[in-house]
Amino acid sequence: MKVITRFAPSPTGYFHAGSYRTALFSYIFARQQGGRFVLRIEDTDRERSKKEYEENIVDSLKWLGLDYDDFSRQSDHTANYRKHIERLIANSQAFVSAEKVAAAGERSEVIRFKNPNKVVVFNDLIRGRIEFDTTELGDFVIAKSLDEPVFHLAVVVDDAESGITHVIRGEDHISNTPRHILLYEALGFPVPSYAHIPLLLATDRSKLSKRNGAIPVTEYRRRGFLPAAVVNYLALLGWHPEDNREVMSFAEIIKDFSLERVQKAGAIFDEAKLRWFNRQYLLQLNEADFSEAVQPFLPEWLSVKSPVLKRLLPIIKDKIAAFDEVPALFEESGELHFVRSLPAYDLAKLPWKKSTEPTATAIKHLTEAKRLLHILADIEFDANTIKDTLWPYAEAQGRGDVLWPLRIALTGQDKSPDPFVSAAILGREESLKRLDSALHRLNTQESQSLKHG
Ligand code: GLU
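Draft legend 1. Examining the site of the ligand more closely. All residues adjacent to the ligand are Arg6, Ala8, Pro9, Ser10, Glu42, Phe151, Val155, Arg169 and His173. At 3.0 Å from a nitrogen atom of the ligand is found a side-chain nitrogen or oxygen belonging to Ser10. One of the side-chain N or O atoms of Glu42 is found 2.6 Å from a nitrogen atom in the ligand. Expressed as a share of its isolated accessible area of 300 Å², the protein-covered part of the ligand is 80%. Tallied by class, the residues present in the shell around the ligand amount to 4 nonpolar, 2 polar and 3 charged.

Draft legend 2. Spatial organisation of the sheet that holds strand E3 (residues 70–73). Pairing is parallel in the open sheet, where 3 strands are placed in the order E1-E2-E3. Looking at the sheet topology across the chains shown, the edges are occupied by strand E1 (4–7) and E3. The sheet shows a mean angle of 25° between the axes of neighbouring strands, taken without regard to direction. As paired strands, strand E2 (residues 36–41) and E3 are joined by 4 bridges and run parallel to one another. Bridged to Leu39 within E3 is Phe71. Most of the contacts of helix H2 (residues 51–64) go to E2, to which it runs at about 160°, and overall it touches E1, E2 and E3.

Draft legend 3. Region of the structure containing the pattern of salt bridges. Per the counting criterion, the structure on display carries 38 salt bridges. With a closest N to O distance of 2.6 Å, Arg245 and Asp256 form a salt bridge. Linking Arg245 in the loop between helix H7 (227–235) and helix H8 (250–256) with Asp256 in helix H8, this pair joins segments that are 11 residues apart in sequence. When its relative accessible area of 27% is taken as the criterion, Arg245 is described as partly exposed. Relative accessible area serves as the criterion here: at 25%, Asp256 is assigned to the partly exposed category. Members of the salt-bridge network, linked through shared partners, are Glu219, Arg222, Arg223, Glu271, Arg275, Asp324 and Glu325.

Draft legend 4. Up close: the packing of helix H3 (residues 78–90) against helix H4 (residues 151–161). At a minimum axis distance of 10 Å, the contact between H3 and H4 shows a crossing angle of 105°. Taken together, the axis directions place H3 and H4 in an arrangement best described as roughly perpendicular. Listed contacts from H4 to Asn80, Tyr81, His84, Ile85 and Leu88 of H3 are Leu153, Ala154, Val157, Asp158 and Glu161. Here the residues of the contact of H3 with H4 are counted per class, giving 6 nonpolar, 2 polar and 2 charged.

Draft legend 5. Here's a closer look at the environment of Tyr233. Secondary-structure assignment places Tyr233 in helix H7. Note on Tyr233: relative accessible area 4%, which makes it buried. For Tyr233 and Ile254, which are 21 residues apart along the polypeptide, the C-alpha to C-alpha distance reads 14 Å.

Draft legend 6. How the structure looks around the packing of helix H9 (residues 271–284) against helix H11 (residues 307–319). The contact between H9 and H11 brings their axes to 10 Å, and the two run at 155°. Here H9 lies roughly antiparallel to H11, going by the angle between them. As for the relative orientation of H9 and H11, their crossing is left-handed in sense. Residues Arg279, Leu282 and Leu283 of H9 form the contact with H11, whose own contacting residues are Lys317, Asp318 and Lys319. Tallied by class, the residues present in the contact of H9 with H11 amount to 2 nonpolar, no polar and 4 charged.

Draft legend 7. Focus on unusual backbone geometry. Positive phi values are uncommon outside glycine, yet Ser92 reaches one of about 60°. Looking at the secondary structure, you find Ser92 in the loop between H3 and strand E4 (94–100).

Draft legend 8. A look at the nonpolar core. One finds Phe269, Ile316, Phe323 and Leu336 to be the most contacted residues of the largest nonpolar core, which totals 106 residues. If you tally residues by element for this core, the top one is helix H1 (residues 17–32), at 9 residues. Setting aside residues no more than four positions away along its own chain, Leu336 makes contact with Leu312, Ile315, Ile316, Leu329, Phe330, Pro417 and Ile425. Counting residues in each nonpolar core, the second largest holds 31 residues, with Val120, Val157, Ile164 and Leu183 among its members.

Draft legend 9. Inspection of the packing of aromatic side chains at higher detail. Considering all chains together, one arrives at 20 aromatic pairs under this definition. With centroids separated by 5.7 Å and ring planes inclined at 50°, the aromatic side chains of Tyr233 and Phe269 adopt a geometry described as tilted. Note that Tyr233 is positioned in helix H7 and Phe269 in the loop between strand E13 (267–268) and H9, a separation of 36 residues in sequence. Taken together, Tyr220, Phe225, Tyr233, Phe269, Trp276 and Phe277 form an aromatic cluster joined through their ring pairs. The cationic tip of Lys387 hangs over the ring face of Trp391; the distance from NZ or CZ to the ring centre is 5.0 Å. The ring of Tyr345 carries Arg441 above its face, with NZ or CZ at 4.8 Å from the centroid.

How each quantity is defined
Residues numbered from 1 in each chain as written. Predicted model: local features only at pLDDT ≥ 70, side-chain atom pairs only at ≥ 80, totals over all residues. Heavy atoms only, no water. Near = heavy atom within 4 Å. Polar contact = N/O pair within 3.5 Å; in protein donor to acceptor, adjacent residues only side chain to side chain. Areas by Shrake-Rupley, 256 points an atom, 1.4 Å probe, with all protein chains shown as cover. Nonpolar A, V, L, I, M, F, W, Y, C, P; charged D, E, K, R; others polar. Pairing = 2+ DSSP bridges. Helix = DSSP H or I, 4+ residues; strand = E, 2+ residues; numbered from the N terminus. Axes fitted to C-alpha atoms, helices over the stretch in contact; angles between N-to-C directions. Contact = heavy atoms within 4.5 Å. Salt bridge = Lys/Arg side-chain N within 4 Å of Asp/Glu carboxyl O. Buried < 20%, exposed > 50% of the residue type's maximum accessible area, 1.4 Å probe, protein only. Parallel < 35°, antiparallel > 145°, perpendicular 65-115°, else oblique. Left-handed = near helix turned anticlockwise from the far one by under 90°. Core = buried A, V, L, I, M, F, W, Y, C linked by side-chain atoms within 4.5 Å. Phe/Tyr/Trp six-rings, centres within 6.5 Å; stacked < 30°, edge-to-face > 60°. Lys NZ or Arg CZ within 6 Å of the ring centre and 35° of its normal.

Rendered as structure tokens:
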């Protein structure tokens with residue numbers, strides 16, 4: 001038996017992680033079994049279905065790397081549904097029923113399934129044996145007219161005719177399954193296996209939805225998340241491998257996945273954890289890939305070819321979990337704000353508070369730091385060489401006394417990379433310029449206080 005699974009979304013909105021996790025489990029299972037995975041757009045609800053949502057689904061699957069072997073749309077199958085509805089009516093398994101539309105008081109017709117009122121039993125691959133007395137469902141509606149099947153009929157006809165062997169879907173569909181099984185039996189189709197996967201919950205354990213912050217999956221693309229990280233995280237929502245590994249390649253996930261190990265309890269979607277995964281994947285990017293991927297998130301003034309950017313890239317990489325964190329680094333409160341231009345800072349900030357004679361000490365050490373840095377050539381001006389050059393002096397004179405004024409002189413900020421890294425980012429010329437300006441301000445202050453002192 002060749003396994004065939006499907007993802008059957010209704011294009012009535014933008015989907016968040018929950019739906020794509022369902023798609024992912026179906027995809028993984030099919031690929032693992034050497035089977036087929038198909039995408040079926042369930043657009044029987046003509047009013048609520050929109051082309052833009054369908055495009056978003058196709059787009060999201062592509063971004064996540066969930067390639068499908070077949071594509072269909074329920075709106076293209078109307079004639080086929082009609083054939084099956086007519087057959088059910090001819091066999092007295094369905095009937096046209098005239099109903100009163102409550103509000104208008106008019107009569108309209110619907111087509112109802114003649115329920116045989118039996119107990120349906122199925123063995124859910126995740127939840128085990130499920131027994132359901134269908135009597136309580138009554139003669140349920142299967143179509144609004146011959147050309148307007150409702151979800152229950154359309155899903156059964158399509159799954160049966162496309163040979164779906166495993167229906168993997170959200171547990172919110174469990175209550176629909178008894179109806180579907182009755183329809184399979186009435187239509188003479190073999191019943192597929194079912195696996196109902198647990199819902200995704202928000203961190204407050206409520207059902208994940210727009211209201212508690214769930215965003216369309218394509219929004220993660222816009223924010224610069226890496227699809228491999230998103231796939232890895234989604235795969236671990238409700239499933240985990242026996243050895244509890246977390247960072248796994250798609251191939252490893254496909255190899256180790258098992259429906260039997262999918263948990264029954266809801267799984268919590270936590271964006272902080274997704275960021276953690278994203279960071280693991282980000283760290284694996286080589287320089288060229290990182291440099292290309294970060295471009296859209298960099299401030300405009302930082303030109304692609306600037307040497308500063310080249311020096312900044314490893315620093316940025318070290319500081320973020322996802323690319324959407326990049327802009328904040330350069331904002332006023334960000335650690336890299338000093339790169340574009342020296343922020344105005346209060347002169348009182350320059351001397352190390354614990355120094356004896358703070359201003360004179362700052363002048364002395366900045367003068368020496370400047371002299372030492374001046375000796376370095378442009379090409380030697382990297383964080384390691386700068387550190388090797390200044391460290392012995394700082395050790396001998398007192399680290400705070402030397403390094404604090406240096407940091408403020410270079411960055412004007414108390415939160416910034418260490419002064420060696422900051423100097424390397426700025427480059428030799430700009431670093432020396434900033435030291436000069438700090439010294440100039442300090443000296444002016446000293447002479448004024450001597451005059452007035
Ligand atoms: N179209 C249904 C939905 O969007 C899914 C149907 C199914 O998976 O059986 O919820």
